[in-house]
Every structure is written in structure tokens, then in C-alpha cells.
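Structural overview for review
Each chain is listed here by its residues.
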Amino acid sequence: MTVQELPGAAAAYRPTPPPAWKPRTDPAPLLPDPEPYRVLGTDAAAGADPELLLRLYAELVRGRRYNAQATALTKQGRLAVYPSSTGQEACEVAAALALEERDWLFPSYRDTLAAVARGLDPVQALTLLRGDWHTGYDPHEHRIAPLCTPLATQLPHAVGLAHAARLKGDDVVALAMVGDGGTSEGDFHEALNFAAVWQAPVVFLVQNNGFAISVPLAKQTAAPSLAHKAVGYGMPGRLVDGNDAAAVHEVLADAVARARRGGGPTLIEAVTYRMDAHTNADDATRYRVESEVEAWRAHDPIRLLERELTERGLLDEDGIRAAADAAETMAAQLREGMNADPVLDPMDLFAHVYAEQTSQLREQAAQLRAELDAEGEAR
């Protein structure tokens, strides 16, 4: 016997779901624009702050040189691995400059440049990738979470910090960065769902650089864009030209301000391109052609901003040379710092694992200490 055959069932049967099914949020305002938002080369550029544009330019030039120097260090054996963000500098720099000092940045492994643009010492930013001490810096001091190698695991952490800050009454926003490959991880979906339900003050920046190592975006998702995924969680999605530094900064700054005033999270997809290989251990020629790379070189973030600044009379040859000289100075300091052999203490393996060491850690530490003492006596 079916439900409809039960006595009295006919009167109670509804051909449509009850009112509770209706959406809690009107999806229309959450939808991203059909095309990536741009500022440079459009009428909107006239309203951009000249001081901000010049700062963005200086950081882009420094970031490009930083990527080149770090890549060279891997070839010299001074760095174990480096995931270059060449071509993505506009996203990196804009993310750092859109935050206030009290805010938190949650980077992925490719976002060393964002950490440096936020004020972290360039050598400290590479310490983890060098295989040295822990994360290389004090996250609380710099308000930068550890550079995250596992894909997307930093996103729930950002949501947790942002939610906790709001519960405490702190005026803090978390900005979490992730690549397009990270959006295929469960942590991405869990983080966005919690952020939207809690209305946490967090901004998600997806750098869609075309490939998750060798997997193109088309093999990861059939969505119109990654920004469209925001609608399913109940937050606005924004689509922006990731090589337009002014546009990325504007969109991020708007989202940060919205989160700070209690408007909840935002998902931003920045459409950019990874010019270099995934890391120095990757051969990008196996999955993409050089003509594709060359097409993106014509949309280089530094050239786009440099053209805007020179056409407006805000930048001349002296200014271009000054930015390049400052970048070279940074590169020389980075080489000097990375060429110094680190002084390592094996006992640091047991530091910062737990607030209070477990009995197993104390036992292991004692065993290692005994082995080190015995080795010292043997010498």
C-alpha cells in the first residue's frame, strides 16, 4: 500500500514540496559577472588611486624578480623546491595590500610572494621550502598562517580563525588563497559551507592559473566558472581579471570591507596564468604548448600596469629604473641570506608540536638526545 492509498492520504498529498524548500537567499545577487572585471584599459582606470597604482607596480616588479631569484636558487641547490608565481604577481600583491595589519593571510604553497608583499622577510618566506626550521617565521607575529603545502587545508583554518575573531568581537578579516586545483578538494567545499552558514568574515581568493599541475580546469569542473560555485553556498561570487592588479585589488578590498562590516564571506575567482612550470621538478611542455604561454605573455600583469601608468604620466624611465633597482637590491639580499648555511638543532623536531609535550614525544626526545650525546663523545 502506497502513501496515497492510506486512508485520508489524498487530502494531505501535495504535488509540490512544502514551503520550506524555498531558497533562503535570492541567488541573482550572488551570481558573478559574465566576464572578468577589469580596470586597466577601461574608463574605470581614471578613478584609480595613482599612489596605489605606483605601489602595486613597485611590488609587481619586486615580485617578478623574487620569483626569478628563488627559481635560480633551486638550480644552485640552495632551495629544495620552488613553485613560481610568475604571471600571477597581480593576485599575490593585491591580496597582501588589500588587508589591514590586524587581518590574517592564509596562503598556499605558491603564495610566498603574497607573504613577502605583506612584509615578511624574503629569506624567512623560503625557509620551509628550503627544508629548514618549521615554517620559517612566527605566524602570529606577522598574521600570516604557515605556507600550506597540502591542498586547501588552510581554508577551514581561515574560516575557524575568522569565526572565532567575530565571536570575540575582534575586527579581523581572514583572506584565504587557493589555486584552481584546490577547489577540487573536500576542504574547499567544507570551508565555504561553514563560512556561509556562520557568515564568517573571510574572503576566498581562487587563483585560476589554468592547470592543477598538469590537469586543465575543464577536467576539474563543468561549472560556468569557479566563481559560480559561490551561489551553492549562499555567498556572492566575483570574477576578475587576475592579471589586472588594480581590478584584483578593488575586488578584494570590497570583499574585505564587506566581511568586516558583517556582510559575510565572498568567493573571488581571479583568472590568471602560471607562466613557469608547476615547480622546478615539473615539465610543463608535456601538457601545454608554447603558443598558449606566449599568448598570455601579451597579457603580462607588469606590462598592463606599466602601460597605464606611463600613458597617464605617472611613470617614466627613471621610475621604471628605480623599481628595477629596488628589486635587484632585494634579490641580492635574498641570495646573501640563502647562501648562509643554517644552524640547525635536531631537538627542534619536538618543538611546537603540542603546547605540552606528550609522553611519547618526551620519550623520543630523550632517545634522540642520548644518541646525539653519544655521537658527540665518539668524536
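Thresholds, definitions, all that
Residues numbered from 1 in each chain as written. Predicted model: local features only at pLDDT ≥ 70, side-chain atom pairs only at ≥ 80, totals over all residues. Heavy atoms only, no water. Core = buried A, V, L, I, M, F, W, Y, C linked by side-chain atoms within 4.5 Å. Buried < 20%, exposed > 50% of the residue type's maximum accessible area, 1.4 Å probe, protein only. Helix = DSSP H or I, 4+ residues; strand = E, 2+ residues; numbered from the N terminus. Contact = heavy atoms within 4.5 Å. Phe/Tyr/Trp six-rings, centres within 6.5 Å; stacked < 30°, edge-to-face > 60°. Pairing = 2+ DSSP bridges. Axes fitted to C-alpha atoms, helices over the stretch in contact; angles between N-to-C directions. Parallel < 35°, antiparallel > 145°, perpendicular 65-115°, else oblique. Left-handed = near helix turned anticlockwise from the far one by under 90°. Nonpolar A, V, L, I, M, F, W, Y, C, P; charged D, E, K, R; others polar. Right-handed = clockwise from strand over helix to strand, strands pointing away. Expected span 1.5 Å × (residues − 1).

1. Considering the nonpolar core
The nonpolar side chains of a soluble globular protein tend to be buried, and buried together. In this structure, Tyr57, Leu126, Leu175, Leu252 and Leu305 are the most contacted members of the largest nonpolar core, which totals 61 residues. In terms of residue count, the dominant contributor to this core is helix H10 (residues 245-260) (nine residues). With sequence-adjacent residues up to four places away left out, leucine 252 is seen in contact with Ala94, Ala95, Ala98, Leu175, Val203, Leu205 and Ile268. In terms of nonpolar packing, the next biggest core, distinct from the first, is built from 28 residues, Trp104, Val172, Ala196 and Leu217 among them.

2. Brief notes about the packing of aromatic side chains
Overall, the coordinates contain five aromatic pairs when judged by the stated rule. Ring centres 4.9 Å apart and planes at 35° place the aromatic pair phenylalanine 194 and tryptophan 198 in the tilted group. In this pair, phenylalanine 194 and tryptophan 198 both sit in helix H8 (residues 186-198), four residues apart, roughly one turn of the helix. Of the residues examined, phenylalanine 194 reaches a relative accessible area of 44% and is grouped as partly exposed. For tryptophan 198, a relative accessible area of 32% translates into the label partly exposed. Taking 5.2 Å as the distance between ring centres and 55° as the angle between the ring planes, the aromatic pair formed by phenylalanine 211 and tyrosine 287 counts as tilted. In this pair, phenylalanine 211 is assigned in strand S4 (residues 211-212) and tyrosine 287 in the loop between strand S7 (266-271) and helix H11 (290-297), connecting sequence segments 76 residues apart.

3. Some words on the sheet that holds S7
One open sheet holds the five strands; their spatial order is S1-S2-S3-S7-S6, and the pairing between them is parallel. Each end of this open sheet is capped by a strand with a single partner; those strands are strand S1 (104-106) and strand S6 (237-241). Sheet twist, expressed as the mean angle between neighbouring strand axes with direction ignored, is 20°. By the bridge criterion, six bridges tie strand S2 (residues 174-179) to strand S3 (residues 202-208) in an arrangement that is parallel. Following the sheet pairing, glycine 179 is matched in S3 by glutamine 207. Strands in contact with helix H7 (residues 154-168) are S1, S2 and S3; relative to S2, the strand with the most contacts, it is inclined by about 170°.

4. Some remarks on unusual backbone geometry
In this structure, arginine 143 is a non-glycine residue whose phi angle is positive, near 60°. Tracing the chain through its elements places arginine 143 in the loop between helix H6 (139-142) and H7. Classification of arginine 143 by relative accessible area gives partly exposed; the value is 23%. One non-glycine residue, histidine 352, lies in the positive phi region at around 60°.

5. A word on the packing of helix H2 (residues 50-75) against H10
The geometry of H2 relative to H10 is characterised by a closest axis approach of 10 Å and an angle of 115° between their N-to-C directions. Comparing their axes, H10 and H2 come out roughly perpendicular. Viewed along their axes, H2 and H10 form a crossing whose handedness is right-handed. Residues Leu52, Leu53, Leu56 and Leu60 of H2 lie in contact with H10, whose contacting residues are Ala245, Ala246 and His249. Its residues assigned to classes, the contact of H2 with H10 shows six nonpolar, one polar and no charged.

6. Re the side chain of histidine 249
Mapped onto the fold, histidine 249 is located in helix H10. When its relative accessible area of 11% is taken as the criterion, histidine 249 is described as buried. When sequence neighbours within four positions are dropped, the list of residues in contact with histidine 249 reads Leu52, Leu56, Ala94, Leu97 and Ala98.

7. Observations regarding the packing of helix H5 (residues 122-130) against helix H13 (residues 317-339)
Axis separation between H5 and H13 bottoms out at 10 Å; the angle between their running directions is 45°. Between H5 and H13, the angle falls in the class oblique. In this structure, H5 meets H13 at a crossing whose hand is right-handed. Residues Pro122, Val123, Leu126 and Arg130 of H5 touch H13, and the partners they reach there are Met330, Gln333, Leu334, Gly337 and Met338. In terms of residue class, the contact of H5 with H13 is made up of six nonpolar, two polar and one charged.

8. Structural notes on the pairing of S3
Summarising burial for S3: seven of the seven residues are buried, a large majority. Both faces of S3 are covered, namely the face carrying Val202, Phe204, Val206 and Asn208 and the face carrying Val203, Leu205 and Gln207. Taking the sense of rotation as the criterion, the β-α-β connection linking S2, H8 and S3 turns out right-handed. With six bridges joining them, S3 and S7 adopt parallel strand pairing. Across the sheet, glutamine 207 pairs through a bridge with alanine 270, a residue of S7.

9. What to know about H10
Compared with an ideal rise of 1.5 Å per residue, which puts 16 residues at 22 Å, H10 spans 22 Å between its outermost C-alpha atoms and is within 8% of the ideal. For H10, the full list of buried residues reads Ala245, Ala246, Ala247, Val248, His249, Val251, Leu252, Ala255, Val256 and Ala259. Just beyond H10, the residue with positive phi is glycine 262, at close to 95°.

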